[in-house]
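The lines below spell out each chain.
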Amino acid sequence: MKKAFKIMAVAAVMVFATSSSLMAQFKFGVKASGNLSNIYMEDTTTTTMKPGFNAGIMGEYFLNDNMSIGAELLYSMQGAQEKHEGEERGVKWSTKSAITTHNINLPILFRFYFGGFAVELGPQFGFCLGGKYKYTSEIGDNENESTTSFSDAEEDVRKFFSDYKFYNRFSVGGAIGLSYNLPNGLFFGARYTHDFTDLFNKVAIDGSNYKNEAIKSRNGVISVSVGYKF
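Read on for an overview of the structure. (Residues numbered from 1 in each chain as written. Predicted model: local features only at pLDDT ≥ 70, side-chain atom pairs only at ≥ 80, totals over all residues. Heavy atoms only, no water.)

1. Some thoughts on the overall build of the protein
Counting its regular elements, the protein contains two helices and 11 strands. Taken from N to C terminus, the helices and strands of the protein fall in the order α-β-β-β-β-β-β-α-β-β-β-β-β. When each of the 230 residues of the protein is scored for burial, the buried share is 36%. Relative to all contacts within the protein whose residues are 6 or more apart in sequence, the contacts with residues 24 or more apart total 61%. As displayed, the protein has an accessible area near 13,700 Å², and 63% of this comes from carbon and sulfur atoms. (Helix = DSSP H or I, 4+ residues; strand = E, 2+ residues; numbered from the N terminus. Buried < 20%, exposed > 50% of the residue type's maximum accessible area, 1.4 Å probe, protein only. Contact = heavy atoms within 4.5 Å. Areas by Shrake-Rupley, 256 points an atom, 1.4 Å probe, with all protein chains shown as cover.)

2. Digging into empty space enclosed by the protein
What the rule picks out here adds up to two cavities of 30 Å³ or more. What the largest cavity holds in volume is close to 210 Å³. Sorting the residues of the lining of the largest cavity by element identifies strand E1 (26-41), strand E2 (50-64), strand E3 (67-88), strand E4 (91-114), strand E5 (117-139), strand E7 (170-181), strand E8 (186-195) and strand E11 (217-229) as the ones contributing at least two each. In terms of residues, the lining of the largest cavity owes the most to one element, E8, which gives five residues. Of the pockets and cavities examined, the second largest cavity occupies roughly 140 Å³. Around the second largest cavity sit 19 residues that line it, and Gln78, Asn103, Ser171, Asp195 and Asn219 are the ones nearest its centre. For the lining of the second largest cavity, the secondary-structure elements that each account for two or more residues are E4, E5, E7, E8 and E11. Looking at the lining of the second largest cavity element by element, the count peaks at four residues for E5. Class assignment for the residues of the lining of the second largest cavity results in five nonpolar, 11 polar and three charged. (1 Å grid on protein atoms, 1.4 Å probe; cavity = no way out; pocket = protein on both sides within 12 Å on 5 of 7 lines; lining within 4 Å. Points joined across faces, edges and corners; volume = space filled by probe spheres on them. Nonpolar A, V, L, I, M, F, W, Y, C, P; charged D, E, K, R; others polar.)

3. Let's talk about the packing of aromatic side chains
Here a ring pair, both rings aromatic, is described through the centre-centre distance and the interplanar angle of the planes. This model, assessed by the stated rule, comprises six aromatic pairs. Measuring from ring centre to ring centre gives 5.1 Å for Phe127 and Phe170, while their planes differ by 55°; the resulting arrangement is tilted. Note that Phe127 is positioned in strand E5 and Phe170 in strand E7, a separation of 43 residues in sequence. Residue class for Phe170 comes out exposed when judged on its relative accessible area of 63%. Members of the aromatic cluster, joined through ring pairs, are Phe28, Tyr228 and Phe230. In this structure, Lys229 is placed above the aromatic ring of Phe187, and the distance from its NZ or CZ to the ring centre is 5.3 Å. (Phe/Tyr/Trp six-rings, centres within 6.5 Å; stacked < 30°, edge-to-face > 60°. Lys NZ or Arg CZ within 6 Å of the ring centre and 35° of its normal.)

4. Some words on the side chain of Ser68
One can find Ser68 in strand E3. Judged by its relative accessible area of 0%, Ser68 is buried. Polar contacts involving the side chain of Ser68 include one to the side chain of Glu60, which spans 2.5 Å. Excluding anything up to four places from it in sequence, Ser68 contacts Glu60, Tyr61, Phe62, Leu63, Leu109, Phe110, Arg111 and Tyr113. (Polar contact = N/O pair within 3.5 Å; in protein donor to acceptor, adjacent residues only side chain to side chain.)

5. What to know about the layout of surface pockets
In this structure, the second largest pocket occupies an estimated 170 Å³ of space. Lining the second largest pocket, in full, are Lys27, Phe62, Tyr113, Gly115, Gly116, Asn181, Leu182, Pro183, Gly185, Leu186, Lys229 and Phe230. In terms of residue class, the lining of the second largest pocket is built from six nonpolar, four polar and two charged.

6. Structural notes on the nonpolar core
For soluble globular proteins, the rule of thumb is that nonpolar side chains tend to be buried together. Ranked by size, the top nonpolar core spans nine residues in total: Ile39, Met41, Ala80, Ile99, Cys128, Tyr133, Tyr167, Leu199 and Phe200. Mapped by element, the contributors of at least two residues to this core are E1 and E5. (Core = buried A, V, L, I, M, F, W, Y, C linked by side-chain atoms within 4.5 Å.)

7. Some details on the pattern of salt bridges
Using the criterion set out here, one finds nine salt bridges in the structure. In this structure, Lys229 engages Glu60 in a salt bridge whose closest nitrogen and oxygen atoms are separated by 2.8 Å. Note that Lys229 is positioned in strand E11 and Glu60 in strand E2, a separation of 169 residues in sequence. Here Arg111 makes a salt bridge to Glu72, at a shortest N to O gap of 3.0 Å. Of the two residues, Arg111 sits in strand E4 while Glu72 sits in strand E3, which places them 39 residues apart along the sequence. Residue class for Arg111 comes out buried when judged on its relative accessible area of 4%. Residue classification places Glu72 among the buried residues on the basis of a relative accessible area of 2%. Ionic contacts of the salt-bridge type, sharing partners, join the residues Lys31, Glu60, Glu72, Arg111, Glu120, Arg191 and Lys229 into one network. (Salt bridge = Lys/Arg side-chain N within 4 Å of Asp/Glu carboxyl O.)

Below, the structure written as structure tokens:
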């Protein structure tokens with residue numbers, strides 16, 4: 001009986017030590033970021049970065065003291081904006097347009113630590129939940145505004161941004177960044193992500209058939225973040 005108790009006690013100590021070691025190698029965290037995003041399109045070079053944000057949870061497993069692999073699950077508001085203005089016959093005019101997309105992103109990152117600093121890089125997978133296209137025109141003192149959801153069915157150029165078949169739900173890209181990690185778990189980071197897949201499709205009607213011809217329209221996002229690891 002005493003021998004059995006000794007064996008059980010040794011086994012319990014080994015399980016506790018192993019679980020403690022694994023927990024020490026794994027960290028869970030939360031983070032929030034400010035975004036500056038753009039959609040780089042082959043036919044348009046006048047779009048500018050649009051502010052947004054992302055937030056979510058993260059997990060990180062340390063392979064050794066200087067290297068880890070981790071994943072994040074983030075909600076991200078992205079998009080682009082464009083503005084034109086001028087004057088004709090003494091009357092000033094301006095147009096503003098903005099695309100806003102709502103995304104769920106899953107970056108999987110390798111981190112290489114150098115003291116408190118860490119370099120991170122890896123792939124990112126995304127899913128577009130939907131979005132809106134907003135257009136404002138102003139001629140003199142007259143201003144008109146329209147907003148179209150991606151789920152709506154609209155005519156003219158707004159339909160390009162509104163019908164589901166005109167844009168891709170899934171995206172694949174890459175991420176690279178730098179972070180600084182404090183001993184108390186607080187960290188600060190900066191990251192750039194760029195999609196390798198296109199956001200929009202061009203749909204050409206050939207008789208009764210639809211033919212997709214991808215337009216180069218890649219998301220690029222700069223983010224500055226703050227977070228905490230437990």
